[in-house]
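What follows is each chain in one-letter form.
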Amino acid sequence: VTGKTIDSVLHGCWVIPVEPASAVLADHAVVISGEHIHEIVDSATARARHPAAEHVALDSHVLIPGLINAHTHAAMTLLRGLADDIPLMEWLRRHIWPAEQRWISEEFVRDGTRHALAEMLKSGTTCFNDMYFYPEVTAHAALECGMRAVVGLILVDFPSPWAGSSDEYLEKGLALHDSMRGVPLAHTAFAPHAPYSVSDGPLQRVKVLADELDIPVHIHVHETHDEIARGIAEHGERPLERLRRLGLLSPSLVAAHMVHLQTHEIAACAEAGAHAVHCPESNLKLASGFAPVGKMLAAGIGVALGTDGAASNNDLDMLGEMRSAALLAKGVSQDASSVPAAQVLRMATLNGAQALGINDTTGSLEPGKSADIVAVDLSPAASQPVYHPLSQLVYTATREQVSDVWIAGRRLLHERRLTTLDEAEILTRSREWSQRIRSEDADS
Ligand SMILES: [Zn+2]
């Protein structure tokens, strides 16, 4: 009757579509046609309507939209654990920047990204918003394994092995954007690193180009007190004020961190329709502070969720990040109702898609959207009994309970096995890198 070929029907013990908000559908099925969600109906109806399709029984599972990691640096997975328990600037100057200067190459980015892809898929992430050098290599690695990616067109004032000047960064970024047009699963965003590492001229060009191409501007903003003090010293204004003056405070802005905000800055971001990406674990580990998530949400700012890179987290686990975000918000506000389970799942899915301008495609389980779906098994003892599946998902489930992942209808994780990546080979390459990098690190 539909005229569409139904390929598979995923029967969940529960389906949590995220839209409508807080809905939990017991004994429902997500029906997939090609790359898209065809319908979500109760399991009995789905069996009756689509007898010829492949039926996948996920009897003790909750089905959720694929998680969106809205701020990360995938290739930095190779630097995970290189240096821990030290402040941000010492961490960067003594360890991270020297390692990057010495080792960054196409090969480093490819191997690091592939490692990150394996970890992300195995923890239920179906889309990541990346910022790093050699973004065309990141894009290629993601597309090759079937992962959805928002590839950052990186821009910094200082030269790197990838580009020698602001003009060259932008030129290469634009070429990458052009080559990604119409490529399924590939999205782009401008990615000027931070207000302190990109000067006014290049930021103004980004503003003009982002308006013209209608893509987001992904940037670190107000991560630390030091960054703000430096902004005032160098430019006579707080970084967010500077971005506003340059015309970048707009619905295109995807501002990672947003830890230190004054009341009027929260109001200005809300009024401008800017988006924030909360990265609680990275902020905790680098002792950056506590982002005012409750206040941002209350003001109407779309707050997404990200892990930041594996070198400052130290994982790419969005389930863990959801739990950290929900718990931290309550502790900081001394309000147990702050950032409830449904809210944090929305941050990790639909809010991320909205920030990245891809909410017509992904971010919730709705007919017509891409079949980006994650199955989480709630049968382990630690998640039983189940009174409220949504709470159980956020407050008990660990990434090892992610059993299956579909992106655009393709099953990339099948009962915990990666179907498009060779995990053993990826880990061998990572070990080789760690031996090389360790031999030249300051404290080794
Ligand atoms: Zn970052």
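Relevant structure appears above.
Residues numbered from 1 in each chain as written. Predicted model: local features only at pLDDT ≥ 70, side-chain atom pairs only at ≥ 80, totals over all residues. Heavy atoms only, no water.

**Focus on the overall build of the protein**
Point 1. The number of helices and strands found in the protein is 16 helices and 16 strands.
Point 2. Projecting the C-alpha coordinates of the protein onto the three principal axes gives extents of approximately 65 × 45 × 45 Å.
Point 3. For the protein, with 444 residues in total, the buried portion stands at 60%.
Point 4. Long-range pairs, those at least 24 residues apart, make up 72% of the contacts in the protein with a sequence separation of at least 6.
Point 5. Carbon together with sulfur atoms contributes 51% to the accessible area of the protein, which is approximately 16700 Å² in total.
Point 6. Of note, the protein has its 35 positive side-chain charges centred 1 Å away from the centre of its 56 negative side-chain charges. (Helix = DSSP H or I, 4+ residues; strand = E, 2+ residues; numbered from the N terminus. Buried < 20%, exposed > 50% of the residue type's maximum accessible area, 1.4 Å probe, protein only. Contact = heavy atoms within 4.5 Å. Areas by Shrake-Rupley, 256 points an atom, 1.4 Å probe, with all protein chains shown as cover. Lys, Arg positive; Asp, Glu negative; His and termini not counted. Charge placed at Lys NZ, Arg CZ, Asp CG, Glu CD.)

**Focus: the coordination of the zinc ion**
Point 1. Looking at the zinc ion, the protein donor atoms are His-71 (NE2), His-73 (NE2), His-220 (NE2) and Asp-308 (OD), and they sit 2.1 to 2.3 Å from it.
Point 2. Classification of the site at the zinc ion as irregular follows from its 4 donor atoms and the range of 85 to 172° in their angles at the metal.
Point 3. Linear spacing of the donor residues for the zinc ion on their chain is H-x1-H-x146-H-x87-D. Taken together, the residues His-73 in the loop between strand E5 (67-72) and helix H2 (88-103) and Asp-308 in the loop between strand E12 (302-305) and helix H12 (318-333) connect sequence positions 235 residues apart.
Point 4. Using a relative accessible area of 7% as the deciding quantity, one classes His-73 as buried.
Point 5. Accessibility expressed as a relative area gives 5% for Asp-308, which makes it buried. (Donors = N, O, S within 2.8 Å, 3.2 Å for Na, K, Ca; no water. Tetrahedral: all angles 85-135°; square planar, octahedral: opposite > 155°, others 65-115°.)

**Points about the side chain of Ser-288**
Point 1. If you trace the backbone, Ser-288 turns up in the loop between helix H10 (280-285) and helix H11 (293-299).
Point 2. Setting aside its immediate chain neighbours within four residues, Ser-288 contacts Glu-223, Thr-224, Val-259, His-260 and Asn-283.

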